[in-house]
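Examining the three-dimensional arrangement
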Amino acid sequence: MINSYNFRFSEVYWCSNVPRTIALTGNEAAAWGARLSRVEVIAAYPITPQTQIVEKLSEWIEKGEFNAEFIRVESEHSAMAAVAGASAAGARTFTATSSHGFAYMYEMIAWVAGARLPVVMGVVNRFIGPPWNIWADWMDALSARDLGWIQIWASNNQEVLDSIIQAYKIAENKHVLLPVMVSLEGFVLSHTSEPVQIHDQELVDQFLPEYNPPHYVLNPEVSKPFAFGNILWPWDTVHLRWDMHKAMLNAKDTIKKTVKEYEELFGINHGDLIKEYETDGAEVVIVSMASIAETAENVAAELRKEGKRVGSLKVRFFRPFPSKEIVDVLKDKNKVIVVERDLSIGHDGILAMELRSVLHRYNTEIPVYSVSLGLGGDEILPEQIKKVVNKVI
Amino acid sequence: MSLKEIISKPDLLLRGHSACPGCPSTIALRMALKALGEKTILVIPASCSSVYQGVYPGVSFNVITYNVAFASAAAVASGIKRALTKKGYTDVNVVAWGGDGGLVDIGLATVSGAAERGEDIIVICYDNEAYMNTGIQRSGATPPGAWTTTTWAGKTEIKKPMPFILLDHGVRYVATTSVGYPIDIYNKVKKAASFRGEGLRYIHILAPDPPGWRFDSSLTIELGRLAVETGFWPLWEAEVIGGKIKFRLTPPSTTLIDPSKRVPLERFIEKQGRFRAMKEWHAEKLRQQMELYWELVRAFLSLSSGE
């Protein structure tokens, strides 16, 4: 009885083509993001807590609801290798991983960026062991900070879905051509249901047309074959790296335009490079990323009620790093508190280090307090952040 | 097809590559590309082939060539093939071309995964029995007794029986060949290409390497032949059709199942500097390796004759 009801329900729900808001976990939202983006080749390997992304995509493909090639590879290294090949051959590609899987594919993560392939990857952030710990930690994605990937850090499940669609638009822009990873914290988002709007496919198609790159390298119809990625002398290699760097910096404009266009079509804006909350007139600003940024906003709202001038700044794009954008917000503030779910062992919180670096570059001497919380998935309570703010203020 | 006819086919390996004199890999690649034709995408993991093709922007391969990370060739080839299929290109050979390091050692899992998934690609290993590109370090394909820069006293273990491992995966076509027999290389690659659409096909080419095996660069072909004539490297091909294995020895290995027909192994050994410090127990281990390879051949032959 219950089964037949569920079956009918799902039939109606999948066939419908109108935008609808339903409860989705972060993983399901990521799968929907890939599906709405009409990815053509997916290669992935299962790892907790990313598994539901690949399960969902497999299910849709096998049911014939979604038309894509799914390469069920034997390792994460091969997952990224396979999407590298597919992307070079002109397909829109998607993969997703987490933690140890991320570490295992590290070589290919670097490769894809160097090859300037517009791959999009969901990273369900998780601690890298030992000890075995399957919970949220930012150490996986942040370890790839310098490889040339654009990094988006989502704060909620709607943002996961929207960021993946935006990611393709940004990555495939001919002035960018860099891969994008969209981070969602393990369990905090991946396994938590939230209301998520699934957009009308036609509207997404309008925003993100079919991927038909003029530049793809492995086109069997080229009249003159050439080699890709062969040996390059140091003096030429320097130019390639410089081009990557320029593309990453130029991506800021593309990101801002993309976010604006997205807002016009879908009425949703999660912020472009950064998102501000109550920063006007604030003395203290809490800077964070991912789900912590939403907690920080709530803390700021409560402290504002107590008459304390506290704001919140979310770093949505960790690469390209929003240096100027951050300084413009923080330059007249008294203190900055960075709350983050990572720790660079032997130094400091990674985001705090980045903040100090840009503030110093723009000659501002605002004190930056580094707070590493919630490592290995430990819960981050608003009271903890409030306590820090009250101590610093 | 005669050698003359094969030679007259367009050469897709151009002049000006930077391989060593007597390089077996270029001989094998020249023949393989003649068999594969222009509609071929080569996927090349770190290897001598990624070096001797030339420094950007010069390149000596006249087919689309995609250089990739060491352990990734078969997976990248899988991705390329799937994307091309999705885009409607069905007449392209996607070929992972690598050495024993890239395919037998670090890339084995990748080859195995692609084989198990039935990816429609050709994997060709040119096996020079060590990491030659990095300076002759021991690999899983190095035979017992061989000197390398990481086995100064001679390797102690036998050569990984890679082509049999691939045959155990049940892939459509597996063949061994040797640089001593360029026409055999051509024919087997041609045959592998003819099974396009039927899953992964694997060819393992023994590639005697002058700098690594320590012999004069004029002797590449001779060593490639002695390896086969002595029974060190049996030549065979196998087709898997509907769960049945059709395994057969190919000339000149056809008669060599009888050890008395083989050229004495010493003739192969004495021409190579790498075996100079070989001890008697190394030689015994090498004989055991040969025995194991022929035992596997006999086992697969008996499976095939059951039809």
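Residues numbered from 1 in each chain as written. Chains lettered and ligands numbered in written order. Predicted model: local features only at pLDDT ≥ 70, side-chain atom pairs only at ≥ 80, totals over all residues.

1. Brief notes about the overall build of chain A
Going by this rule: Under the DSSP-based scheme used, a helix requires at least four consecutive residues in state H or I and a strand at least two consecutive residues in state E, with every element numbered from the N terminus. This entry defines residue contacts through backbone-placed C-beta atoms, with two residues in contact when those atoms are within 7 Å.
Assigned secondary structure in chain A consists of 14 helices and 15 strands. With respect to the three principal axes, the spread of C-alpha positions in chain A is 70 × 65 × 45 Å. A fraction of 79% describes how many contacts in chain A between residues 6 or more apart in sequence connect residues 24 or more apart.

2. Some remarks on the sheet that holds strand 10 (residues 274-277) of chain A
All names here are of chain A. What counts here: Pairs of strands are assigned from DSSP output, requiring at least two bridges between the strands. Axes, fitted as lines to C-alpha atoms, cover a helix only where it is in contact. Angles between the N-to-C directions of the axes lie from 0 to 180 degrees.
Strands sit in the order 10-12-11-14-15 across an open sheet of five strands; the sheet is mixed. The sheet is open, and its two edges are formed by strand 10 and strand 15 (368-372), each paired on a single side. For this sheet, the mean angle separating the axes of adjacent strands, direction not counted, is 20°. Here strand 10 runs beside strand 12 (residues 310-315); their pairing, made up of four bridges, is antiparallel. Bridge pairing in strand 12 places I274 opposite V315.

3. Notes on the confidence of the model for chain A
What counts is decided by this rule: Scored from 0 to 100, pLDDT reflects the predictor's confidence in each residue.
When pLDDT is averaged along chain A, the result is 94; 95% of the residues meet or exceed 70. Overall, residues 1-16 of chain A carries pLDDT values under 50, and its contacts beyond four positions in sequence, including any with other chains, amount to one contact.

4. Describing the interface of chain A and chain B
Operational definition: Under the scheme applied, nonpolar residues are Ala, Val, Leu, Ile, Met, Phe, Trp, Tyr, Cys and Pro; charged residues are Asp, Glu, Lys and Arg; polar residues are all the others, including Gly.
Taken together, the contacts link 36 residues of chain A with 39 residues of chain B. Among the elements that make up the side of chain A that touches chain B, the one with the highest residue count is helix 4 (residues 76-88) of chain A (nine residues). Considered class by class, the residues forming the side of chain A that touches chain B number 23 nonpolar, seven polar and six charged. Relative to strand 2 (residues 64-67) of chain B, strand 9 (residues 227-228) of chain A runs parallel, the two sharing two bridges. Counted as the bridge partner of A227 of chain A is T65 of chain B from strand 2 of chain B.

5. A short note on the nonpolar core
Defined as follows: Joining buried Ala, Val, Leu, Ile, Met, Phe, Trp, Tyr and Cys residues through C-beta atoms within 7 Å gives a set, and that set is a nonpolar core. Neighbour density around each residue's C-beta defines its exposure: 20 or more other C-beta atoms within 10 Å make it buried, 12 or fewer make it exposed, and counts between make it partly exposed, where C-beta atoms are placed from the backbone. Domain borders in the structure are assigned automatically or taken from a domain database.
Judged by nonpolar contacts, the single largest core of 219 residues is most densely connected at V43 and I80 of chain B. Two domains each provide a minimum of three residues to this core, namely domain 1 (20-207) and domain 2 (276-392) of chain A. Residue contacts for V43 of chain B: discarding those within four places in its chain leaves Y66, V68, A73, V76, A77, I80, V94, V95, A96 and W97 of chain B. Among the nonpolar cores identified, the runner-up in size contains six residues, and Y52, Y131, M132 and I136 of chain B belong to it.

6. Notes on the pairing of strand 3 (residues 69-72) of chain A
Remember that side chains alternate between the two faces of the sheet whenever the strand is regular. Residues and elements named next belong to chain A. Basically, it comes down to this: Whether a crossover is right-handed depends on one test, that the path from the first strand over the helix to the second runs clockwise when the strands point away from the viewer.
Taking every second residue as pointing to the same face, the buried face of strand 3 carries E69 and I71, while none of F70 and R72 on the other face is buried. In this sheet, strand 3 lies alongside strand 2 (residues 41-44) in parallel orientation, the contact comprising four bridges. Bridge pairing links A44 to R72 in strand 3. Handedness of the crossover is the feature at issue here: the chain leaves strand 2, passes through helix 3 (residues 51-63), returns alongside strand 3, and the resulting connection is right-handed.

7. Examining the domain arrangement of chain A
Residues and elements named next belong to chain A. Here the domain parsing of chain A yields domain 1 (20-207) and domain 2 (276-392). Each partner contributes to the interface: domain 1 provides 23 residues, whereas domain 2 provides 19 residues. Of all elements in the fold, only helix 7 (139-142), strand 6 (150-153) and strand 7 (180-185) reach the threshold of two or more residues within the side of domain 1 that touches domain 2. Looking at the side of domain 1 that touches domain 2, the element that brings in the most residues is strand 6, giving four residues. Of the residues contributing to the side of domain 1 that touches domain 2, the split by class is 14 nonpolar, six polar and three charged.

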